[in-house]
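# Architecture and fold: a report
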Amino acid sequence: MRLSRIIMALTVGLAVVAVPTAAGAAQPQPAPTLTETPQPPPYPPGQGAATLTVNRTTITLGETVVLTGRNFGPNERVTIVVSVAPLAAPAPGQARRSDGSTVAMAPVAFQAAAPLTFYANTNSRGRFTEPYKPSITGLLTFTATGDESGRSASTEVRVLPRQGDQQPLPVTGDSLGTPMKLGGGLVGAGAVLLLMTLAWRRRHRLGTGAS
């Protein structure tokens, strides 16, 4: 009897211990939380927006400007497009004729050239330097775009004409007035001389006949 009671007590104890464990296993587990994938920053860490600068903002035709690009993609080709706009035209002046009258002067029209394109290569830090020698005057806008990164930046350079390359402004109006007046005066003087010569010859003949 004692042995049976001991077995029954052990059985009941094991059953009591097993019930909480089974109840905990039966409870629903919380669903795992989804973590958002971090988006890459628009630029690499420690690197800002792409920039394009020049060593001189105003040069004379024939001089060279140096462009410097920063924060482009590492070891990529950069396409640089140059667009040209005319400089501000000077105010029309006046020219004085030989007779003292004045006539308006019109500035020569500027014909903008088509956009030009050249290339540069960046180093491992996304930087490049590229010299450029303009072949036309005007306000030049340089736009650099990385072929792989797509980063873009712009800058401007004003190219002035050389002192000896400035063309005189054409004169509008009657530019033949002075030559025509001069020619007319010469014709009139010649006619007077011719009449005086004929009169002298006639007077000389009459004097000879009377003697």
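Fair warning: this is a prediction, and the values are worked out from it, not measured in the lab.

Right, let's get into the nonpolar core. Membership of the largest hydrophobic core comes to 23 residues, with the highest contact counts inside it found for Leu67, Ile80, Phe128, Tyr132 and Phe142. Those elements that provide at least two residues to this core are β1 (51-54), β3 (65-70), β4 (77-85), β7 (116-121), β8 (128-132), β9 (138-146) and β10 (152-160). For this core, the element with the highest residue contribution is β4, accounting for four residues. Apart from the residues within four sequence positions on either side, Tyr132 is in contact with Glu63, Thr64, Val65, Leu67, Val82, Leu116, Phe118, Leu140 and Phe142.

Okay, the packing of aromatic side chains next. Enumeration according to the criterion identifies three aromatic pairs in this entry. Ring geometry for Phe118 against Tyr132: centres 4.9 Å apart, planes inclined by 15 degrees, an arrangement best described as stacked. Here the residue Phe118 occupies a position in strand β7, and Tyr132 occupies one in strand β8, the gap between them amounting to 14 residues. Overall, Phe118 belongs to the buried group, its relative accessible area being 12%. Note on Tyr132 and Phe142: the rings are 5.3 Å apart at their centroids and 85 degrees apart in plane angle, and the pair reads as edge-to-face. In this pair, Tyr132 sits in strand β8 while Phe142 sits in strand β9, placing the two residues ten residues apart along the sequence. Among the aromatic residues, ring-to-ring pairing joins Phe118, Tyr132 and Phe142 into one connected group.

A few words now on the pattern of salt bridges. Tallied over the entire structure, the rule returns two salt bridges. Two residues, Arg56 and Glu63, come together in a salt bridge whose shortest N-O distance is 3.1 Å. For Glu63, a relative accessible area of 29% gives the class partly exposed. One salt bridge connects Arg77 with Asp147, and the closest N-O pair in it is separated by 2.7 Å. With Arg77 in strand β4 and Asp147 in the loop between β9 and β10, this residue pair connects regions lying 70 residues apart in the sequence.

As a further point, take the sheet that holds β7. Strand order in this open sheet of five strands is β2-β10-β9-β4-β7, and the pairing throughout is mixed. On the outer flanks of this sheet lie β2 (58-60) and β7, each paired with one strand and no other. Direction aside, neighbouring strands of the sheet carry axes that sit 30 degrees apart on average. Bridging between β4 and β7 involves six bridges; their strand directions are antiparallel. Following the sheet pairing, Ile80 is matched in β7 by Phe118.

Cut-offs used in this document
Residues numbered from 1 in each chain as written. Predicted model: local features only at pLDDT ≥ 70, side-chain atom pairs only at ≥ 80, totals over all residues. Heavy atoms only, no water. Core = buried A, V, L, I, M, F, W, Y, C linked by side-chain atoms within 4.5 Å. Buried < 20%, exposed > 50% of the residue type's maximum accessible area, 1.4 Å probe, protein only. Helix = DSSP H or I, 4+ residues; strand = E, 2+ residues; numbered from the N terminus. Contact = heavy atoms within 4.5 Å. Phe/Tyr/Trp six-rings, centres within 6.5 Å; stacked < 30°, edge-to-face > 60°. Salt bridge = Lys/Arg side-chain N within 4 Å of Asp/Glu carboxyl O. Pairing = 2+ DSSP bridges. Axes fitted to C-alpha atoms, helices over the stretch in contact; angles between N-to-C directions.

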